[in-house]
Amino acid sequence: MVTRLGVDVGGTTVKWAMLGADHEVLGSGSAPTPPGPGAVVELARGLVREGVTSIGIGLPGHVDRAAGIARFVPNPPGDWTDFPVGPQLSAGTGLPVAVVNDARAFALAELRTGAARGRSDVLFAVLGTGVGGAVALGGEILAGPRDNLGEVGHITADPSGPPCCCGNRGCVETYAAAPAIVRGLDGFATAAAVAAAARSGDREAAAAMSRAGRALGVALGDAAALLGIGTIVVGGGVAGALDLMLSAMRDEFERRRPLIGDVTVSPAALGPWAGAIGAALYGGEPQ
Ligand SMILES: [Zn+2]
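Note that the structure is a prediction, hence the values are computed from the model and not measured.

What counts, and at which threshold
Each chain carries its own residue numbering, running from 1 in the direction its sequence is written. The predicted nature of this model means local features are confined to residues of pLDDT at least 70 and side-chain atom pairs, given and counted, to a pLDDT of 80 or more, with totals for whole chains, interfaces and linings taken over all residues. Hydrogens and water molecules were not included; the side-chain quantities draw on all heavy atoms of the structure. Water is not part of the atom set, so a site may look incomplete; the donors themselves are N, O and S atoms within 2.8 Å of the metal, or 3.2 Å for Na, K and Ca. Under the classification used here, a metal with four donors is tetrahedral if each angle lies between 85 and 135 degrees, square planar if opposite donors are over 155 degrees apart and the others between 65 and 115, a six-donor metal meeting that same test is octahedral, and anything else is irregular. The helix and strand labels rest on DSSP assignments: H or I over at least four residues marks a helix, E over at least two residues marks a strand, and numbering proceeds from the N terminus. Domain extents, as shown, originate in an automatic or database domain assignment. Should any heavy atoms of two residues lie within 4.5 Å, those residues are considered in contact. Here the quantity called buried area is the accessible surface, traced with a 1.4 Å probe, that two parts lose on coming together, added over both. Throughout this description, the term salt bridge denotes a Lys or Arg side-chain nitrogen within 4 Å of a carboxyl oxygen of Asp or Glu. Here a polar contact is recorded for every N or O atom pair within 3.5 Å, except that within protein the pair must consist of a potential hydrogen donor and a potential acceptor, and residues adjacent in sequence are included only if both atoms are side-chain atoms. Only protein chains enter the calculation, and the probe is 1.4 Å; a residue is then buried if its accessible area is under 20% of its type maximum, exposed if over 50%, and partly exposed in between. At least two DSSP bridges between two strands are required for those strands to pair. Here the arc refers to the directions that run from the helix axis out to each C-beta atom. To get an axis, fit a line to the C-alpha atoms, keeping to the stretch in contact for a helix; angles then go from 0 to 180 degrees between the N-to-C directions. Throughout this description, any angle smaller than 35 degrees is read as roughly parallel, any larger than 145 degrees as roughly antiparallel, any in the 65 to 115 degree range as roughly perpendicular, and the remainder as oblique. In this scheme the handedness of a crossing depends on how the near helix is turned from the far one: anticlockwise by less than a right angle means left-handed, clockwise means right-handed. Charged residues are taken to be Asp, Glu, Lys and Arg, nonpolar residues to be Ala, Val, Leu, Ile, Met, Phe, Trp, Tyr, Cys and Pro, and polar residues to be all remaining types, Gly included. UniProt positions are given in the numbering used here, feature names are shortened, and annotations may be inferred rather than shown by experiment.

Draft legend 1. Seen up close, the coordination of the zinc ion. Here the zinc ion is held by the protein donor atoms H154 (ND1), C164 (SG), C166 (SG) and C171 (SG), which lie 2.0 to 2.3 Å from it. For the zinc ion, the four donor atoms in the first shell make angles of 103 to 120° at the metal, so the coordination geometry reads as tetrahedral. Within one chain, the residues serving as donors to the zinc ion are arranged as H-x9-C-x1-C-x4-C. Pair noted here: H154 is in the loop between β10 (140–141) and α4 (173–176) and C171 is in the loop between β10 and α4, with a separation of 17 residues, a long-range link.

Quick look at the structure:
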């Protein structure tokens, strides 16, 4: 039986999934992210079982997909810059290894087996510690000439807004990522706690969710105008609060209606395993 292993490396947690021939999940698991890239390679190597034919590794940052090398991967522990993840893991297992951006892995999984199944043109946003993004056009996830296409999280929502890790100010990520939603509010440790308070009628919490929604609406509305795509899928840990952001998002889409027309927004369908499933799908594709 053909089994594809997908490993989704996050800043705090590594998740993995084994995929069968029809994209069915045969097994999955998670562990705290090991202290550096070498230890992550060892963890992945230890997951290989009889029947595994390929491995995909999703990393939260920019990678050189052709060479299987990490480039700009700031969040997981250790120094990932220029680490040869693919070559090391391939040498250790004898298997083909694909190394991909985690938002693109998420998007491929949702496109093939999740919320965007059957669609060909879709904008994806992933709300977590940061805000990732990807674009599907003609049924394919676009990579772009520099293999970094789709960073909707770094579209500017307010040029005089808070500083962003990318060097710019007021990126969507500085409003809609989990730490940004918590920032400036007293007594909340997580975005989920802010969302719960907003549901209970806390006005400041509701305003923070609405700010996140407006910033997302600006970015995704502008992306829809640029690309001519009206289907949006939103995932990641913060997407459970999508309903609290939707009204402010829709205001921005309405503002642009003559240009972008109808826009549909759907929550992701595969939950926390989308990244691992997508990494496995990438691993099974011809390199
Ligand atoms: Zn930015």
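Draft legend 2. Fine view of the domain arrangement of the protein chain. Taken as a whole, the protein chain is organised into domain 1 (3–105 + 272–283) and domain 2 (118–268). Each partner contributes residues to the interface: domain 1 has seven residues there, and domain 2 has eleven residues. Taken together, the two surfaces of domain 1 and domain 2 that pack against each other cover about 730 Å², and 46% of this comes from carbon and sulfur. By the criterion of area lost to domain 2, the three top residues of domain 1 are H62, A103 and R104, representing 71% of everything that side buries. Across the domain 1-domain 2 interface, the total number found is one salt bridge. A salt bridge links D147 to R104, with the shortest nitrogen-to-oxygen separation between them at 2.8 Å. Summed over the shared surface of domain 1 and domain 2, the result is three residue pairs in polar contact (both at pLDDT 80 or more). Contributions of two or more residues to the side of domain 1 that touches domain 2 are made by β5 (62–64) and α3 (102–113). The dominant element in the side of domain 1 that touches domain 2, judged by the number of residues it contributes, is β5, at three residues.

Draft legend 3. Structural context of the pairing of strand β11 (residues 231–235). Most of β11 sits out of view: five of its five residues are buried. Burial of β11 is two-sided: the residues T231, V233 and G235 facing one way and the residues I232 and V234 facing the other way are all buried. As paired elements, strand β8 (residues 122–127) and β11 share four bridges and run parallel to each other. Along β11, the bridge assignment pairs A125 with V234. One ladder, built from four bridges, connects β11 with strand β12 (residues 264–267); its direction is parallel. Within β12, the residue paired with I232 across the bridge is V265.

Draft legend 4. Region of the structure containing helix α2 (residues 85–93). Taken together, the buried positions of α2 are occupied by V85, G86 and L89. Taken end-on, α2 shows its buried residues confined to a sector of 90°, consistent with a single buried face. Buried positions along α2 lie against α1 (37–47), β4 (52–59), β6 (69–72) and β7 (97–101). Remark: G94 follows α2 within two positions and exhibits a positive phi of approximately 75°.

Draft legend 5. How the structure looks around the packing of helix α7 (residues 203–227) against helix α8 (residues 242–255). α8 packs onto α7 with a crossing angle of 40° between their chain directions and a minimal axis gap of 7 Å. Judged by the inter-axis angle, α7 sits oblique to α8. The crossing of α7 and α8 is right-handed. Residues M209, S210, A212, G213, R214, L216, G217, V218, L220 and G221 of α7 touch α8, and the partners they reach there are L244, M245, A248, M249, E252 and F253. Of the residues contributing to the contact of α7 with α8, the split by class is ten nonpolar, four polar and two charged.

Draft legend 6. Region of the structure containing unusual backbone geometry. Despite not being glycine, H23 shows a phi value in the positive range, around 70°. Structurally, H23 is set in the loop between β2 (13–19) and β3 (25–32).

Draft legend 7. Region of interest: the UniProt feature "transmembrane region" (unreviewed entry) in the protein chain. In the numbering adopted here, UniProt assigns the feature "transmembrane region" (unreviewed entry) to residues 122–143 and 223–246. With 0% helix and 68% strand, residues 122–143 has end C-alpha atoms that lie 14 Å from one another. Between the first and last C-alpha atoms of residues 223–246 the distance is 17 Å; the span itself is 42% helix and 21% strand.

Draft legend 8. Local environment of the packing of helix α6 (residues 191–199) against α7. Between α6 and α7, whose axes approach to 7 Å, the crossing angle comes to 120°. In terms of orientation, α6 and α7 fall into the oblique class. For the pair α6 and α7, the crossing hand works out as left-handed. In contact with V194, A195, A197 and A198 of α6, α7 contributes A205, A206, A208 and M209. Looking at the contact of α6 with α7, its residues break down into eight nonpolar, no polar and no charged.

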